[in-house]
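Chain by chain, the residues run as shown.
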Amino acid sequence: MVTWMQMEMWSPYVVGSAIGILSSLSFLLSNNPLACSTGISQTSGLVEMNVIGRKKVLEKEYYKEFPPVIDWKWMLLLGVFIGATISSLVSKTFELRWVHPLWEQAFGTAALPRLIVALLGGILMGFGSRWSNGCTSGHGISGTLQLAVSSWLSVVFFFFGGILCAMFIYHVVA
């Protein structure tokens with residue numbers, strides 16, 4: 001008999017409810033939304049401090065508002081990575097691969113084009129999340145929980161953009 005911890009996929013209702021509870025606890029305990037993009041920008045600031053120097057980084061306007069420190073938002077990112085790794089190991093679905101099977105079907109097995117597209121997509125998402133003052137989890141989970149109109153609009157466009165992008169990349173005609 002397979003235990004719930006070993007399942008390859010969990011019920012979206014259970015996971016959605018757990019994320020809602022976690023988001024509510026985040027507001028209750030820290031008065032902050034549950035989000036990830038700030039942790040990513042903090043990481044880039046921490047790397048920058050080691051490369052170009054602490055003083056120069058801390059003088060930047062951006063880092064005056066979002067200081068490059070290891071705090072709970074940064075630890076959330078680490079926890080997501082560790083939790084996903086543990087989950088994939090427990091469910092026996094962990095594997096290292098450079099090219100996802102869907103990409104392989106559409107574009108072949110070459111890893112370099114996939115890495116370039118992933119890097120460019122990550123850069124665009126990073127700019128978008130900072131420009132919109134929040135990432136998909138910030139708007140999609142925390143913003144909609146607060147009934148913020150801007151977050152609801154963002155979520156609609158996340159889905160619309162994702163669907164269009166997938167149709168373009170995988171040559172799907174509706």
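Reading guide: rules and limits
- Residues numbered from 1 in each chain as written.
- Predicted model: local features only at pLDDT ≥ 70, side-chain atom pairs only at ≥ 80, totals over all residues.
- Heavy atoms only, no water.
- Salt bridge = Lys/Arg side-chain N within 4 Å of Asp/Glu carboxyl O.
- Buried < 20%, exposed > 50% of the residue type's maximum accessible area, 1.4 Å probe, protein only.
- 1 Å grid on protein atoms, 1.4 Å probe; cavity = no way out; pocket = protein on both sides within 12 Å on 5 of 7 lines; lining within 4 Å.
- Points joined across faces, edges and corners; volume = space filled by probe spheres on them.
- Helix = DSSP H or I, 4+ residues; strand = E, 2+ residues; numbered from the N terminus.
- Nonpolar A, V, L, I, M, F, W, Y, C, P; charged D, E, K, R; others polar.
- Axes fitted to C-alpha atoms, helices over the stretch in contact; angles between N-to-C directions.
- Parallel < 35°, antiparallel > 145°, perpendicular 65-115°, else oblique.
- Contact = heavy atoms within 4.5 Å.
- Left-handed = near helix turned anticlockwise from the far one by under 90°.

Colleague: Whenever I open this one, the pattern of salt bridges confuses me. Can you help?
Modeller: Opposite charge on two side chains allows them to pair when their charged atoms are near. Applying the stated criterion across every chain yields a total of three salt bridges. Between R97 and E95 there is a salt bridge whose closest N-O contact spans 2.6 Å. Given a relative accessible area of 39%, R97 falls into the partly exposed group.

Colleague: Hey, could you run me through the layout of surface pockets in this one?
Modeller: Over the atoms, a rolled probe matching the size of one water molecule traces out where space is still vacant. Of the volumes computed, that of the largest pocket is approximately 1,100 Å³. What lines the largest pocket is a set of 36 residues, among which G121, G122, L124, M125 and G126 lie closest to the centre. Of all the secondary-structure elements, those providing two or more residues to the lining of the largest pocket are α2 (37–52), α4 (61–65), α7 (111–131), α8 (136–145) and α9 (149–169). Among the elements that make up the lining of the largest pocket, the one with the highest residue count is α7 (14 residues). In terms of residue class, the lining of the largest pocket is made up of 20 nonpolar, 14 polar and two charged. In this structure, the second largest pocket occupies an estimated 600 Å³ of space. V15, I19, V80, G83 and A84 are the residues nearest the centre of the second largest pocket, which is lined by 19 residues in total. For the lining of the second largest pocket, the elements supplying multiple residues, two or more each, are α1 (12–30), α5 (72–90) and α8. Per-element accounting of the lining of the second largest pocket gives the leading share, seven residues, to α5. Tallied by class, the residues present in the lining of the second largest pocket amount to 15 nonpolar, four polar and no charged.

Colleague: Teacher, can you tell me more about the packing of α2 against α5 here?
Modeller: Packed helices, taken two at a time, are described by the angle their axes make and the gap between the axes. Close contact between α2 and α5 brings their axes to 8 Å; oriented N to C, the two are set at 100 degrees. Relative to α5, α2 is oriented roughly perpendicular. Two secondary-structure elements touch here, α2 through T38, G39, I40, Q42, T43 and L46 and α5 through K73, W74 and L77. Looking at the contact of α2 with α5 residue by residue, the class counts come to four nonpolar, four polar and one charged.

Colleague: When you look at the packing of α8 against α9 in this model, what are you seeing that I'm missing?
Modeller: It is the contact of α8 with α9, at a shortest axis distance of 8 Å, that shows an interaxial angle of 135 degrees. On the basis of the axis angle, α8 is oblique to α9. Two packed elements cross with a definite hand, and for α8 against α9 that hand is left-handed. Residues T136, H139, G140, G143 and T144 of α8 form the contact with α9, whose participating residues are S151, W152, S154, V155 and F158.

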